[in-house]
Amino acid sequence: MLGCTEDVLGAVPYLLGFHPSDSIIAIGLIGGPPRSRLHLTVRWDLPLAACGPDQVVPLFRKEGVTHVFVAGYGPASLVTPAVDTVTALFRHGGFTVVDALRVEGDRYWSYECSRTECCPADGTPYGHRATAVAAEAVLQGLVALPDRETLERSLDPVEGLAREAVRRMTRRVTEEVRDRLAGCGDPEEFAAEFVADGVARVRAVLGACASGGRLDDEQAVRLGLDLAVIRVRDEAWTLVTDDTHDVHLKLWHDLTRRLEPRFVPPVASLLGMVAWRQGDSALAGVALTRALDIDPSYSMANLLMHALRHLVPPHVLRERMPGPEELDREMGSPRTTWLLPMITLLDGPGDSGLEAAAGSSAQLSSRLRRSL
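These figures come from a predicted structure and were not determined experimentally.

So, how was this worked out
Residues numbered from 1 in each chain as written. Predicted model: local features only at pLDDT ≥ 70, side-chain atom pairs only at ≥ 80, totals over all residues. Heavy atoms only, no water. Core = buried A, V, L, I, M, F, W, Y, C linked by side-chain atoms within 4.5 Å. Buried < 20%, exposed > 50% of the residue type's maximum accessible area, 1.4 Å probe, protein only. Contact = heavy atoms within 4.5 Å. 1 Å grid on protein atoms, 1.4 Å probe; cavity = no way out; pocket = protein on both sides within 12 Å on 5 of 7 lines; lining within 4 Å. Points joined across faces, edges and corners; volume = space filled by probe spheres on them. Helix = DSSP H or I, 4+ residues; strand = E, 2+ residues; numbered from the N terminus. Nonpolar A, V, L, I, M, F, W, Y, C, P; charged D, E, K, R; others polar. Arc of directions from axis to C-beta. Pairing = 2+ DSSP bridges. Expected span 1.5 Å × (residues − 1).

Visitor: Any chance you could explain the nonpolar core here in plain terms?
Guide: As a rule of thumb, nonpolar side chains are buried together in soluble globular proteins. Counting 83 residues, the largest nonpolar core has Leu-9, Leu-225, Leu-227, Trp-252, Leu-255 and Met-342 as the members making the most contacts within it. With residues up to four places along the chain from it excluded, the contact list for Leu-225 reads Val-173, Val-177, Phe-194, Phe-263, Met-342, Leu-345 and Leu-346. Judged by nonpolar contacts, the second largest core, of 22 residues, contains Ile-24, Val-42, Val-57 and Phe-60.

What follows is the structure, encoded as structure tokens:
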């Protein structure tokens, strides 16, 4: 429960995952003060795009929001017109606007109150109450980074010796898989074995991480290769539950930073999905952007980014996601074509010398297609 304005302002950085600037925030509440329950938080960059807030009104209505708290972060010239626009939209939509504020530094100004005894011209300080809320948020394991740029940098690839070690392991594992694939007698049997091993590895890795373990480089690279196969990736997707959020978040964040770029879209998409499920739309957006920067056509990242941009509540996709048994029924038995995305990863920077030993990924793909 959020009891007062200072409580809400103290919570905002932890709701977003970073301290906002040049932003406008709309917080959807169920019930009015002093016992409001926070339900949804939406942020827009300033200056406000012409059609930015329009979609949030039907979403808040559908989600049962009754009251709205609006806060703009930045100078008055930037914040005031945006707050006017957003509060007018909510009032026209039938919501009660609890308060509309401008926040700059450690002070806030209310657009709803003109009484100098409670809203002085030089702003109202809120540091003490915000600190109390922040302390509680930290105890709950929440983090507020200094700004969005810091959040983006938190997913930067590892460098130095760690990068070189992963690169060497990637060459070793991809060479091994290409040798196995080039020498297999029955591509269909190989596909079935590869998918079964990948599904088992996903479950084993999640179990190990739940016990506090961390993947070594070989485990990380093998899992990255497995996840290129959609059936294996979707196994990981179906295993996300409210009880396993933290395990998934830690695992996919780690692999997004550690794996070679061509392996990143599946793990970054899984990270985006888990963050979105938790209500961390900022991290979700950064992760999905990372995936799409590498592969603009990656379907899972595009699907989730579309949902994020159109403010689709996470439970909509969660309720439609089949379980592992349903996936098996819907997708059927593994087929050689399932491996084609994985095969495209077998050739990478510095791998040209392996082609003589195992054949290029294009040759392997052609062989698998002829086997159908």
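Once you've had a look at it, read on.
Visitor: Explanation requested: the layout of surface pockets in the structure shown.
Guide: Unfilled space is identified by rolling a water-sized probe across the atoms. Taken as a whole, the second largest pocket holds about 250 Å³ of empty space. Forming the boundary of the second largest pocket are 14 residues, of which Ala-228, Pro-266, Asp-295, Tyr-298 and Pro-341 lie nearest the centre. Elements represented by at least two residues in the lining of the second largest pocket include exactly helix 9 (230-238) and helix 11 (264-277). When its residues are assigned to classes, the lining of the second largest pocket shows eight nonpolar, three polar and three charged.

Visitor: Sorry, what's going on with helix 13 (residues 299-309) here?
Guide: Each turn of an α-helix holds 3.6 residues, which means side chains three or four residues apart point in the same direction. Burial in helix 13 covers these residues: Met-300, Ala-301, Leu-304, Met-305, Ala-307 and Leu-308. Projected down its long axis, helix 13 shows its buried positions confined to an angular sector of 160 degrees, all on one face. Among the structural elements, helix 9, helix 11, helix 12 (281-294) and helix 14 (314-320) are those in contact with the buried residues of helix 13. Positive phi shows up at Leu-311, right after helix 13, with a value of about 60 degrees.

Visitor: Please clarify how unusual backbone geometry should be interpreted in this entry.
Guide: Outside of glycine, negative phi angles account for most residues, and trans bonds account for most peptide bonds. Residue Pro-47 is bonded to the preceding Leu-46 through a cis peptide linkage, with omega at 0 degrees. Mapped onto the elements, Pro-47 comes out in the loop between strand 2 (37-45) and helix 2 (56-62). If you check the backbone angles, Asp-22 has positive phi at about 45 degrees while not being a glycine. Here Asp-22 is to be found in the loop between helix 1 (5-16) and strand 1 (23-30).

Visitor: In this structure, what is going on with the sheet that holds strand 2? I would like to understand it.
Guide: Reading across the sheet, the six strands line up as 2-1-3-4-5-6 and stay open at both edges, with mixed pairing between neighbours. Of all strands in the sheet, those bounded by a partner on one side alone are strand 2 and strand 6 (124-125). Taken together, the four bridges between strand 4 (residues 96-104) and strand 5 (residues 107-110) define a ladder with antiparallel strand orientation. Among the inter-strand pairings, Glu-104 is bridged to a residue of strand 5, identified as Arg-107.

Visitor: In this structure, what is going on with helix 3 (residues 76-92)? I would like to understand it.
Guide: Here helix 3 spans 23 Å end to end across 17 residues, near enough to the 24 Å set by a 1.5 Å rise per residue. Those residues of helix 3 that fall on the buried side of the exposure criterion are Val-79, Ala-82, Val-83, Val-86, Thr-87 and Phe-90. Down the axis of helix 3, the buried set is contained in an arc of 130 degrees. They therefore lie on one face. Among the exposed residues of helix 3, those oriented more than 90 degrees off its buried face are Ser-77 and His-92. Contact partners of the buried residues in helix 3: strand 1, strand 2, helix 2, strand 3 (67-73) and strand 4. Gly-94 occupies a position one or two residues after helix 3 and carries a positive phi of about 95 degrees.

Visitor: Quick question: what am I supposed to make of the side chain of Arg-290 here?
Guide: With respect to the helices and strands, Arg-290 occurs in helix 12. Take Arg-290: its relative accessible area is 18%, and that puts it in the buried class. Apart from residues lying up to four places away in sequence, Arg-290 is in contact with Glu-152, Leu-155, Asp-156, Pro-157, Thr-256 and Val-264.

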